[in-house]
Amino acid sequence: MGYFVILEQKGGVVKRASLDVWNRVQQFARTSGEKSIYGLIIGGEGVERSVADCGGDGCILVVVEPELEHYMPSAYTDIIAGHIRDCGSDHVFIANTAMGKDLAPRIAMRLGAGHVSDCMVEVGKDKVPGASTTVYSGKVSALVKVLTRKAVYSLGPIADRPSVPSGDGVEVKMVESKVLQPSAWNPYLKEIVYLKGRKDITEADIVVAGGRGVGGAEHFALLESLADALGGTVGASRSAVDEGWRPHSDQIGQTGRSVAPKLYIACGISGAAQHLAGIVAAETIVAINRDSEAPIFKAADYGIVGDVQEVVPRLEHAVREIVRVK
Ligand SMILES: Cc1cc2nc3c(=O)[nH]c(=O)nc-3n(C[C@H](O)[C@H](O)[C@H](O)COP(=O)(O)OP(=O)(O)OC[C@H]3O[C@@H](n4cnc5c(N)ncnc54)[C@H](O)[C@@H]3O)c2cc1C
């Protein structure tokens, strides 16, 4: 048996999505009584400090390798698969981030394990995870039975985020990278950062997203201003991305990214199923749309029928007023 969590870091900080996976696996272990819990993180100098936030029980293996500060598919696969084998873990968990989507099938292939992508998992007394996932853009929920002994689960974000577990304390262990030929690793080229100073949409607590109804790239300034007032970040629908108003990294939805903010404000977004697939884990959804019949209102907790150009500045003004009075 045994649970193994692949943790992801950026700039020496464990990603929020990874922390959530670690906490969920701690809950699984509580329910099932599983004692073998391992985590693994790869990064540059000082990355061991980043796992100080991981509570609960078990052991986190840390590979420090300056060349591996950034994700490198083949090297990461070699290292992680090797350590999973050494730990004898059967059930491997990873966050369904961009890196997770790329890495999970590679690890599964290497281990001869089944892989369930973008899934939810529950664990019973038998310690074996039961996975479910959605198909047809979130319209149908499917239970997935893994036939192999080993399995890799890519966990999607959930609205009900797990709390930080208490426990005996996590042991942090520095380990060898175990890769023999660094020269064979594919080189890291460069990272392209579109929105300096703002949080990534998958990490942010507040996301202000715009669709075709925003009306043009220049009008996204209104959304950025509101996001600044709220301490949030800006996302987009596919239409806004297809129009070239926003980069693809901002796209939320089935062919974009899944987000799990506490507050999601959809501005001029109709609420197509493919968009909603990316916001199922959002806690509170506010929709601003001039069409009172727009499907987004069915998914929203609060709806404002009105023009984005009028409503957004007024909302920002109200937010700044509240912050000033406080
Ligand atoms: C295989 C596949 C994958 C897809 N993946 C994604 C995905 O990942 N993410 C995604 O978003 N979409 C995705 N789509 C596209 C999706 O089906 C929709 O076409 C898209 O989400 C629509 O974007 P939108 O809501 O911005 O635009 P529209 O559907 O054009 O809606 C614009 C909305 O803005 C409102 N509006 C217009 N002007 C204003 C105004 N001034 N003030 C207020 N409201 C206004 C309108 O009433 C309307 O509701 C996918 C489609 C397919 C087929």
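Anything mentioned here points back to the structure above.
A brief look at the structure comes next.

Rules used in this analysis
Residues numbered from 1 in each chain as written. Predicted model: local features only at pLDDT ≥ 70, side-chain atom pairs only at ≥ 80, totals over all residues. Heavy atoms only, no water. Phe/Tyr/Trp six-rings, centres within 6.5 Å; stacked < 30°, edge-to-face > 60°. Helix = DSSP H or I, 4+ residues; strand = E, 2+ residues; numbered from the N terminus. Buried < 20%, exposed > 50% of the residue type's maximum accessible area, 1.4 Å probe, protein only. Near = heavy atom within 4 Å. Polar contact = N/O pair within 3.5 Å; in protein donor to acceptor, adjacent residues only side chain to side chain. Areas by Shrake-Rupley, 256 points an atom, 1.4 Å probe, with all protein chains shown as cover. Nonpolar A, V, L, I, M, F, W, Y, C, P; charged D, E, K, R; others polar. Salt bridge = Lys/Arg side-chain N within 4 Å of Asp/Glu carboxyl O.

### Considerations on the packing of aromatic side chains
The geometry of two aromatic rings is summed up by the distance between their centres and the angle between their planes.
No. 1: Here the structure, examined in full by the defined rule, presents 5 aromatic pairs.
No. 2: Between Phe28 and Phe93, the ring centres sit 5.6 Å apart and the planes meet at 50 degrees, which makes this aromatic pair tilted. Of this pair, Phe28 sits in helix H1 (residues 16-32) while Phe93 sits in strand S6 (residues 91-95), and the two are 65 residues apart along the sequence.
No. 3: Classification of Phe28 by relative accessible area gives buried; the value is 8%.
No. 4: Accessibility expressed as a relative area gives 0% for Phe93, which makes it buried.
No. 5: One aromatic cluster is present, formed by Tyr3, Phe28, Phe93 and Tyr153 through successive ring pairs.

### Focus on the site of the ligand
No. 1: Around the ligand lies a shell of 24 residues, among which Ser237, Ser239, Thr255, Ser270 and Gln274 are the nearest.
No. 2: One of the backbone nitrogen or oxygen atoms of Arg238 is found 2.9 Å away from an oxygen atom of the ligand.
No. 3: In the environment of the ligand, a nitrogen atom lies 2.6 Å from a nitrogen or oxygen atom belonging to the side chain of Thr255.
No. 4: Summarising the interface, the protein chains cover 75% of the accessible area of the ligand, which totals 980 Å² for the free molecule.
No. 5: Counting residues per element, the ones that place at least two in the shell around the ligand are helix H5 (238-242) and helix H6 (273-276).
No. 6: For the shell around the ligand, the residue count by class is 4 nonpolar, 15 polar and 5 charged.

### Things to note about the pattern of salt bridges
No. 1: A full pass over the atoms with the stated rule returns 16 salt bridges.
No. 2: Linking Arg149 and Asp90 is a salt bridge whose minimum nitrogen-to-oxygen distance equals 2.9 Å. Note that Arg149 is positioned in the loop between strand S9 (140-144) and strand S10 (151-155) and Asp90 in the loop between helix H2 (73-87) and S6, a separation of 59 residues in sequence.
No. 3: Salt-bridge contacts for Asp242 lead to Arg238; the nearest nitrogen and oxygen are separated by 3.5 Å. With Asp242 and Arg238 both in helix H5 and 4 residues apart, the pair spans about one turn of that helix.
No. 4: Since its relative accessible area comes to 57%, Asp242 is described here as exposed.
No. 5: Overlapping salt bridges bring together Arg16, Asp205 and Lys262 as one network.

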